[in-house]
Amino acid sequence: MKKVVDMLTWAKDACLYWMHKNHKRDMNLWVFGCWGGNKYADNAKYLFEYINENYPPIRAVWITAKTEIIDTLANAGFEAYLADTELAEKVLRQAGVAFFTNSLNDFGMHPYLNGAKICALFHGVGFKNELRELDNQNTLKAKLKGLKHAIYDLSYTDYIFTTSQFAREKFYRQQYNAKLNSIILTGQPRNDALFDESGKPFPAERTILYLPTFRENKEGQIRLEKVINDLLTYSELNDLLKNYGYTLLIKPHYLTKVHKEKRLSNIQVLNDSDVTDVQKLLAKVGMLITDYSSAIGDFALLNRPIIFYSYDLEDYCQNSHMDPAYLSILHETYVKNKEELYATLSKIFQEKIDYHNTVESINLYLNEQTLRNGGYCRNVCQYLFENENIK
C-alpha cells in the first residue's frame, strides 16, 4: 500500500512540476535553499552571502521552512520567505537560477522551478558510494527507475558544482539526469571560510578536532559511543595533550550518547549549540581526527595533519560501500584503536611522522591543483555569468 501511495504522490508532484513550466524567467533573481529547508548553512549559505555582498544587481532570496531563519536573515538585511507560502511560490515561479544542497525539496513541497537553471552545490565530496553506483544499470528494474527519474526527479540539475575530476566522475555515476559536461569544477563555496582574502589559510590554533561519522546501524553506533566515551576518560592522552599545549575537541552527531560529566582538562565535547558553523571551526583547528567524513576534503586544503581513526574499517566499508580509493589514502596516520591514536599524536607532536603523504593523497582525489586557495564562490558566479549570459 505504501508503494502505491508513494507512486501517486510522485505522479501528482510530477504533474505540478510540468504544469508550471516557465522559461520566461528573471535571470537576475537567484533562489537558495538547503537541508530540506531546515538549516541556514553549508555551500548555499556561503554563496548566498557572497552574492548579497558582491553583486547588487542579483536579487538573492533564501527559501526556508523555519520562521527563526526568516527572522535571522531579515535582521541581517537579507530577503527570505517561508516555503510553501504565496510569497515563496511567487519568487520560485520567477527565479532564473536556483541553488540547493540536498534536493528540490530544499525549496518546499512543490518547487515551481521548471525552466530555471537548477544548480546543485550538495554538502560534501567524499568516498562513499551511493545507491545508483551500486545498482546494475542494465536490468529492467534499473531502466524503469531511470525512466521515472527522467520524467521527474527531485535531484534534477542543470549544473553540479564540485571540486575535482574524481568527484566529477563520481557525481556522474551517482546522479540521475546528470551530464558530464554540466558538472563543473569550481570548488565548494563553503571552503572560502578556510582562507583570508589573499588565499592564505587562517592561523591554526593548538586544537585538535575529532569529527566521527554517525553510524547508520545500531551496533555500529553503540561501538562509536564506546570509542568516544573511552577517549573522555583517557587520562594518558589528556596528559600528552597537556604536555604539548593542545586541546582535543570532540564533536559527535547530536544523536550520539556521550557521558558529558566525564571531563578531563584537555579533552572537551562540543554540542551543536557550540558550533554554529563547522567550516569556521575547521579553519581554526590545527589537526583533524575523523574516519569516513567528507570533511577530509575540506580540511586537506589547509595542509594540516589528518588522522583516520577508522577502528571499524572492514565492517564500515562492507556495510556502507566505500569507494576502493578510500583505502589508498590511508597512510602513516591511519589508526585502529586509542593506543595507536596516542602513539600517532605523539609522533606528530615530535615531528617524527610525515603526514603530508596523507594530505596530498586526499587532495589528489578531492581537490584539483588549481582549486586549493579559495575563491570558490567567485568561481561559481563567474561560470554562470559567462555561460548563461547574466549581466
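Residues numbered from 1 in each chain as written. Predicted model: local features only at pLDDT ≥ 70, side-chain atom pairs only at ≥ 80, totals over all residues. Heavy atoms only, no water.

**Focus: the overall build of the protein**
Piece 1. Each helix and strand in the protein was counted, giving 15 helices and 13 strands.
Piece 2. The globule rule puts the C-alpha radius of gyration for 391 residues at 21 Å, and the 22 Å found for the protein is close to it.
Piece 3. In terms of overall dimensions, the protein has a C-alpha envelope of 65 × 50 × 40 Å along the principal axes.
Piece 4. Per-residue burial over the protein gives 53% buried out of 391 residues.
Piece 5. Put simply, of all contacts in the protein between residues at least 6 apart along the chain, 69% involve residues at least 24 apart.
Piece 6. On the protein, roughly 18,900 Å² of surface is accessible, and the fraction owed to carbon and sulfur atoms is 51%.
Piece 7. Once the 46 positive and 48 negative side-chain charges of the protein are each reduced to a mean point, those two points are 3 Å apart. (Helix = DSSP H or I, 4+ residues; strand = E, 2+ residues; numbered from the N terminus. Rg over C-alpha atoms; globule rule 2.2 N^0.38 Å. Buried < 20%, exposed > 50% of the residue type's maximum accessible area, 1.4 Å probe, protein only. Contact = heavy atoms within 4.5 Å. Areas by Shrake-Rupley, 256 points an atom, 1.4 Å probe, with all protein chains shown as cover. Lys, Arg positive; Asp, Glu negative; His and termini not counted. Charge placed at Lys NZ, Arg CZ, Asp CG, Glu CD.)

**Description of a positive patch on the surface**
Piece 1. Together, Lys 3, Lys 141, Lys 145 and Lys 148 make up a positively charged patch on the protein surface.
Piece 2. The element that contributes the greatest number of residues to the positive patch is helix 6 (residues 140-151), accounting for three residues.
Piece 3. Here Lys 141 lies in helix 6. (Patch = residues over 30% accessible without salt bridge, like charges linked within 9 Å, V, L, I, M, F, W, Y side chains within 5 Å. Salt bridge = Lys/Arg side-chain N within 4 Å of Asp/Glu carboxyl O.)

**With respect to the pattern of salt bridges**
Piece 1. Inspection of every chain in the model, using the stated rule, returns 13 salt bridges.
Piece 2. Note that Arg 59 is salt-bridged to Glu 79, the shortest N-O span being 2.6 Å. Taken together, the residues span a long stretch of sequence, with Arg 59 in strand 2 (residues 59-64) and Glu 79 in strand 3 (residues 79-82) at a distance of 20 residues.
Piece 3. Assessed through its relative accessible area of 33%, Arg 59 is described here as partly exposed.
Piece 4. You can call Glu 79 partly exposed: its relative accessible area is 22%.
Piece 5. A salt bridge links Lys 336 to Glu 340; the shortest N-O distance between them is 3.4 Å.
Piece 6. For Glu 340, a relative accessible area of 26% gives the class partly exposed.
Piece 7. Through salt bridges with shared partners, one network takes in Asp 42, Arg 190 and Asp 298.

**Remarks on the sheet that holds strand 6 (residues 159-162)**
Piece 1. Read from one edge to the other, the open sheet built from seven strands follows the order 3-2-1-4-5-6-7, with strand pairing classed as parallel. With one partner strand each, in any of the chains shown, strand 3 and strand 7 (183-185) form the two edges of the open sheet. Strand-to-strand twist of the sheet, defined as the mean angle between neighbouring strand axes without regard to direction, takes the value 25°.
Piece 2. When strand 4 (residues 95-100) meets strand 5 (residues 117-120), the two strands line up parallel, connected through four bridges. Bridging across to strand 5, Phe 99 finds its partner in Cys 119.
Piece 3. Across the sheet, helix 2 (residues 42-54) lies against strand 1 (26-32), strand 2, strand 3 and strand 4, angled at about 150° from strand 2, the strand it touches most.
Piece 4. Contacts from helix 7 (residues 165-174) reach strand 6 and strand 7, with the element oriented near 165° to strand 7. (Pairing = 2+ DSSP bridges. Axes fitted to C-alpha atoms, helices over the stretch in contact; angles between N-to-C directions.)

**As for the packing of helix 2 against helix 15 (residues 376-387)**
Piece 1. Where helix 2 meets helix 15, the axes come as close as 10 Å, and the angle between the chain directions of the two elements is 70°. For the element pair helix 2 / helix 15, the angle class is roughly perpendicular. Along the contact surface, helix 2 presents Tyr 46, Leu 47, Tyr 50 and Ile 51, while helix 15 presents Cys 377, Arg 378, Val 380 and Cys 381.
Piece 2. Residue composition of the contact of helix 2 with helix 15, grouped by class: seven nonpolar, no polar and one charged. (Parallel < 35°, antiparallel > 145°, perpendicular 65-115°, else oblique. Nonpolar A, V, L, I, M, F, W, Y, C, P; charged D, E, K, R; others polar.)

**Structural notes on the environment of Cys 317**
Piece 1. By the secondary structure assignment, Cys 317 is in helix 12 (residues 313-320).
Piece 2. A residue is classified by how much of its surface remains accessible, and Cys 317, at 22% relative accessible area, is partly exposed.
Piece 3. Sequence separation of Cys 317 and Thr 186 is 131 residues, and the distance between their C-alpha atoms is 29 Å.

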